[in-house]
Amino acid sequence: MNSLFRVAILRLTLFLFLGVLAGYQIGNILLGLVFALSAFIFTMLFNYRLFQQWLDLGATTKKPLLNSFWIGIVDQINRIVGKLKEENDKLRADVEFFRDSFQVLDSAVIVIDAKGAIVWANSAALTMLGVNYERDQRELLVNLFRAPAFIKYLNNKQFDDFLIINSPGDASKTLEVQAIPFRQSQVLIFARDISELAQLERVRQDFLANVSHELRTPLTVLTGYLETLKDNASQFPSAWSNVFEQMLEQSNRMDNMVTDVIWLSRLESLPDDEYHDRVPVAGLIQSIISDISVASDKTLSLSMDSRIQSDKPISLLGSYDELHSAFSNLIQNAVKYTGPEGVISVTCYHRGDTFRVNVSDNGEGIDPVHIPRLTERFYRTDESRASSTGGTGLGLAIVKHVLGRHDARLEITSQLGKGSDFICVFPNSRLV
Ligand code: ADP
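Because the structure is predicted, anything quoted here is derived from the model rather than measured. (Residues numbered from 1 in each chain as written. Predicted model: local features only at pLDDT ≥ 70, side-chain atom pairs only at ≥ 80, totals over all residues. Heavy atoms only, no water.)

Trainee: What am I meant to see in helix 11 (residues 320-336) here?
Mentor: A turn of α-helix holds 3.6 residues, and therefore any two residues three or four places apart point the same way. With 17 residues, helix 11 extends 24 Å between its outermost C-alpha atoms, agreeing within 8% with the 24 Å of an ideal straight helix rising 1.5 Å per residue. By the criterion of burial, helix 11 is predominantly enclosed, with twelve of the 17 residues buried. Considered for burial, the residues of helix 11 that qualify are Glu322, Leu323, Ser325, Ala326, Phe327, Ser328, Asn329, Leu330, Ile331, Asn333, Ala334 and Val335. (Helix = DSSP H or I, 4+ residues; strand = E, 2+ residues; numbered from the N terminus. Expected span 1.5 Å × (residues − 1). Buried < 20%, exposed > 50% of the residue type's maximum accessible area, 1.4 Å probe, protein only.)

Here you go:
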């Protein structure tokens, strides 16, 4: 039996016993019992009133003057309150620990709510992003940090990617910003200073670009002489003819590589500007197909989704040269990795809120294990074939870079022996 219940029963029994005794004295036991019960109820109500007053005062640790039954209840409540307080103190200590940890970080940490209002920020957020928590809490972050690239990054919600941006307070500083969805609808923004890394990266890009430029002239001279030698091969012993051909092939390959390296480092060093060219997609792809068809025995075709009206040509907001290089790399690959009966089709269509350009071939296909790494520089599925295809291993890296600069992505699906689909996925917001 519950001890409080036992106390109550004992008290009631005591009152009834005293009632019976008193009733016996006055010769009316029933009256004695009624009197005892009334006294019991009265003391209970009186104690309940004191107990309620104690509760109203916030259930302090100072115990009120109550009988043992009500004191038992007070003790139980005190125990529960003590335990809750202990848990609350622990939680608060944990929260403070994490806040203090974020506070001493060199990197900026800002938490915003679903509407973009600042919920919390550490002190580094002030030097890096100009956000002062004391002053700016509940302000919209995009009102304080207005860089268009940052606003676009937050709106796109592609939080797997990083954003590289100049610090608003000090343009010489380069920041790497990443947003991470946090709790139910909040977003944690983390920014770290990568100025030194960015400087190293610039040195690497300059070095690559300079070396490539320096190689260009001797290579052009070399290729020119080799072409002359190949044209006059009849003046040399017959075994030399094959040698000249192979030398020319390799020098052409080096030339392609130098061109690709220069183009890639140019893409990397260009700022992420908003583009203003209106690039007519069908016209651009058709001209690439015509150029390639001249020197190829493959069947190449372009088709448009029936919903794309021919009298309203679709244009993409972007850079003509960059899109030309991306699409022609994909179409040239399709030609390269397809057999003599190869059929290559380029299809443009809408899906959901995207516009897609699919370069599809019925060639050799790609083993799925290679697909995640295909856009890495110099990654090839079969190194030994590089010289026969004339490939540089940079084509898909260029495609990925160009698409990234147009808010687009590359999707690759392929089946060994059946063919491949390289799909450029543009957001509809890029269409004009
Ligand atoms: P490469 O200059 O070697 O073609 P890329 O970056 O353009 O370099 O392509 C990387 C690799 O992806 C190629 O070496 C090839 O193995 C594979 N690849 C690209 N396109 C296709 C395709 N259409 N069909 C089969 N394999 C392809």
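Trainee: Would you mind going over the pattern of salt bridges with me for this structure?
Mentor: Opposite charge on two side chains allows them to pair when their charged atoms are near. What the rule picks out here adds up to 15 salt bridges. Across the salt bridge formed by Arg204 and Glu268, the nearest N and O atoms sit 3.7 Å from each other. One end of the pair, Arg204, is in helix 8 (residues 195-231); the other, Glu268, is in helix 9 (residues 239-269), and 64 residues separate them in sequence. Accessibility expressed as a relative area gives 31% for Arg204, which makes it partly exposed. (Salt bridge = Lys/Arg side-chain N within 4 Å of Asp/Glu carboxyl O.)

Trainee: I tried to follow unusual backbone geometry on my own but got confused; where do I start?
Mentor: Where the residue is not glycine, phi is negative for most of them; where a peptide bond is considered, it is trans in most cases. Despite not being glycine, Arg138 has its phi angle at roughly 75°, a positive value. Within the element layout of this structure, Arg138 appears in the loop between helix 5 (133-136) and helix 6 (141-144). For Arg138, a relative accessible area of 55% gives the class exposed. With phi around 55°, Asp407 is a residue other than glycine that occupies positive phi space.

Trainee: Honestly, the site of the ligand in this entry has me stumped. Any pointers?
Mentor: Neighbouring the ligand are 19 residues; Asn333, Tyr337, Thr381, Thr392 and Leu396 lie closest to it. Lys336 places a side-chain nitrogen or oxygen 3.0 Å from an oxygen atom of the ligand. Contact between the ligand and Gly395: an oxygen atom at 3.3 Å from a main-chain N or O atom of the residue. Coverage of the ligand by the protein chains reaches 98% of its 530 Å² of free accessible surface. In this structure, the ligand is accommodated by the second largest pocket. If one sorts the elements of the shell around the ligand by residue count, helix 11 sits on top with three residues. (Near = heavy atom within 4 Å. Polar contact = N/O pair within 3.5 Å; in protein donor to acceptor, adjacent residues only side chain to side chain. Areas by Shrake-Rupley, 256 points an atom, 1.4 Å probe, with all protein chains shown as cover. 1 Å grid on protein atoms, 1.4 Å probe; cavity = no way out; pocket = protein on both sides within 12 Å on 5 of 7 lines; lining within 4 Å. Sits in = over half its atoms within 2 Å of the grid points.)

Trainee: Quick question: what am I supposed to make of the packing of helix 8 against helix 9 here?
Mentor: Their axes nearest at 8 Å, the elements helix 8 and helix 9 cross at an angle of 155°. On the basis of the axis angle, helix 8 is roughly antiparallel to helix 9. Taken as a pair, helix 8 and helix 9 cross one another with a handedness that is left-handed. In terms of residue class, the contact of helix 8 with helix 9 is built from 13 nonpolar, nine polar and seven charged. (Axes fitted to C-alpha atoms, helices over the stretch in contact; angles between N-to-C directions. Parallel < 35°, antiparallel > 145°, perpendicular 65-115°, else oblique. Left-handed = near helix turned anticlockwise from the far one by under 90°. Nonpolar A, V, L, I, M, F, W, Y, C, P; charged D, E, K, R; others polar.)

Trainee: Would you mind showing me how to read the packing of aromatic side chains here?
Mentor: Throughout the structure, instances matching the rule amount to 14 aromatic pairs. Here Phe42 and Phe46 contribute two aromatic rings whose centre-to-centre distance is 6.5 Å and whose plane-to-plane angle is 20°, an arrangement assigned as stacked. Residue Phe42 and its partner Phe46 are located together in helix 2 (residues 29-56), separated by four residues, close to a single helical turn. Phe42 gets classed as exposed once you look at its relative accessible area, which sits at 56%. Taking 5.2 Å as the distance between ring centres and 80° as the angle between the ring planes, the aromatic pair formed by Phe236 and Phe244 counts as edge-to-face. Classification of Phe236 as partly exposed rests on a relative accessible area of 33%. Of the residues examined, Phe244 reaches a relative accessible area of 4% and is grouped as buried. These aromatic residues form a ring-pair network of at least three members: Tyr48, Phe51, Trp54, Phe69 and Trp70. (Phe/Tyr/Trp six-rings, centres within 6.5 Å; stacked < 30°, edge-to-face > 60°.)

Trainee: Teacher, can you tell me more about the pairing of strand 3 (residues 163-166) here?
Mentor: The two faces of the sheet receive side chains in turn, since in a regular strand these alternate between them. Burial of the side chains of strand 3 is restricted to one face: Leu163 and Ile165 are buried, whereas none of Ile164 and Asn166 on the reverse face is. Where strand 3 lies against strand 4 (residues 174-182), four bridges are found, and the strand directions are antiparallel. Across the sheet, residue Leu163 finds its bridge partner in strand 4, namely Val177. (Pairing = 2+ DSSP bridges.)

Nothing here speaks to function; it is geometry throughout.
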